[in-house]
Amino acid sequence: MASDAVGGILLAGITLYAVFGGADFGGGLWDLLAGTTVRGRAPRTLIDESITPVWEGNHVWLVFDLVIFWTAFPHAFAAVMNTLALPLWLALAGIVLRGSGFAFRKELSHLSLQRAAGATFAFSSLVTPFFMGTVIGAIAAGAVPADATRASLAAWTSPTALLAGFLFVAACGYLAAVYLVGEAVSRGDRAMQAYFTRRAQAAAVVAGALSLGALFELQNSDPLVFDRLTSGRALPFVVVAGVCGLAVFALLAVGWPKGVRGIAALGVAAVVWGWGVAQYPTLLPGTRVTLSNAGAPQATMVAIIVVFIVAVVLVGPSFALLYSLQGRHMLGGGEQVALAAAVPVGYSGQPTAGRHRRQPPVADRAPDDARNHVGSATRTAALGVVTIAAVIRRMRHR
């Protein structure tokens, strides 16, 4: 059915945001934990150079998910937005503050302001995935009623929701550390490879423990989803996620980082799809809201599928080009940024840069111009998704 296909499209969008956007949020976690100026200079530089070219583009998937959810399943969308309004707003505030801190800490000339912007970026990188996790945990636990008209504190502060929030933070840190291992390898930086290898392994252990905790907590909050994850149709996804986690840990332990980024991404994707398959066809566990009875009219569903195909054809190659250029380190050169000063906590030592930074030559600013074009393109893509959704809504009301 068309509604099932749109449900799959929605889950695919969530997976893309988790795999790509999650790594960006995790970068903020390691920025926060990097330590003082001298000790944290090298990891912060690697984090910044890895995130800068792509962080704006990754939020396109969040816009895509919200637009598809709102357009295709408006009743479920309304219930979630009403019940979980506070964590959703807090997650949105985290996204805005994180982007502001990340962008402004490069432009500010005063040390205290740079540190404040760096702290904003780092702490917001924890806030957003945590509250997004509580939203998913509340939905999985069946805490969102179909006829919700008001916000509920209990819905997203249950043990299942809180465990999911911490799991999201740990998973983001895990992805970021694994990706940064690959980035260090591509640069031939053995010190940073060893640095992020240790953190990737630690994050893998923490994420695995939280995954098991959240899974067994579902036995109390949603026995049906728990049964499907442990002995039903979603069990293969749980197995794949576990095998991927162990494989990444083992490969990093023996010093073989080749391919670990793809394996880590596959493991996180398996978690997302395991959750979706376990809930299917229910949109809101604990209610009678399903993909078929809560969906928009058939014509709207077909239009969404067509738009998705067009988006894959148009946007897919753009993102492939973006990540290809980033993988070749063609988007990160020419930056004259005193990142060492932008530490969130534990500052020690004296800044070596003056109060004012010299503007780099025009030739050195070329990569920045390229990134500005990339950012403009991703913002345009997001605007295009919203515009398409508005057209679909207009079609529905004709």
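Preceding block: the structure.
Residues numbered from 1 in each chain as written. Predicted model: local features only at pLDDT ≥ 70, side-chain atom pairs only at ≥ 80, totals over all residues. Heavy atoms only, no water.

1. Thoughts on the environment of Ile95
Counted only if it meets this: A helix here means a DSSP run of H or I that spans at least four residues, while a strand means a run of E at least two residues long, and both kinds are numbered starting from the N terminus. Per-residue accessibility, obtained with a 1.4 Å probe over protein chains only, is compared with the maximum for each type, and a residue is labelled buried under 20%, exposed over 50%, and partly exposed between these values.
Among the secondary structure elements, Ile95 is positioned in helix α6 (residues 85-104). Classification of Ile95 as buried rests on a relative accessible area of 15%. Sequence separation between Ile95 and Ser125 is 30 residues; the distance between their C-alpha atoms is 7.7 Å.

2. Observations concerning the environment of Ser152
You can see Ser152 is positioned in the loop between α7 (111-140) and α8 (153-156). According to the relative accessible area criterion, Ser152 is partly exposed, its value standing at 25%. Taking the C-alpha atoms as reference points, Ser152 and Leu84, separated by 68 residues in sequence, lie 6.5 Å from one another.

3. Digging into the packing of helix α9 (residues 159-187) against helix α10 (residues 190-221)
Applicable threshold: Axis definition: a line fit to C-alpha positions, over the contact stretch in the case of helices; interaxial angles, taken between N-to-C directions, run 0 to 180 degrees. We call two directions roughly parallel when the angle between them is under 35 degrees, roughly antiparallel when it is over 145, roughly perpendicular when it lies between 65 and 115, and oblique otherwise. A crossing counts as left-handed when the near helix is turned anticlockwise from the far one by less than a right angle, and as right-handed when that turn is clockwise. Side-chain classes follow a simple rule in which Ala, Val, Leu, Ile, Met, Phe, Trp, Tyr, Cys and Pro form the nonpolar group, Asp, Glu, Lys and Arg form the charged group, and the remainder, Gly included, forms the polar group.
Running from N to C, α9 and α10 cross one another at 155°; their axes reach a closest spacing of 7 Å. With respect to their mutual orientation, α9 and α10 come out roughly antiparallel. Here α9 and α10 pass one another in a crossing that is left-handed. Here the residues of the contact of α9 with α10 sort into 23 nonpolar, 7 polar and 2 charged.

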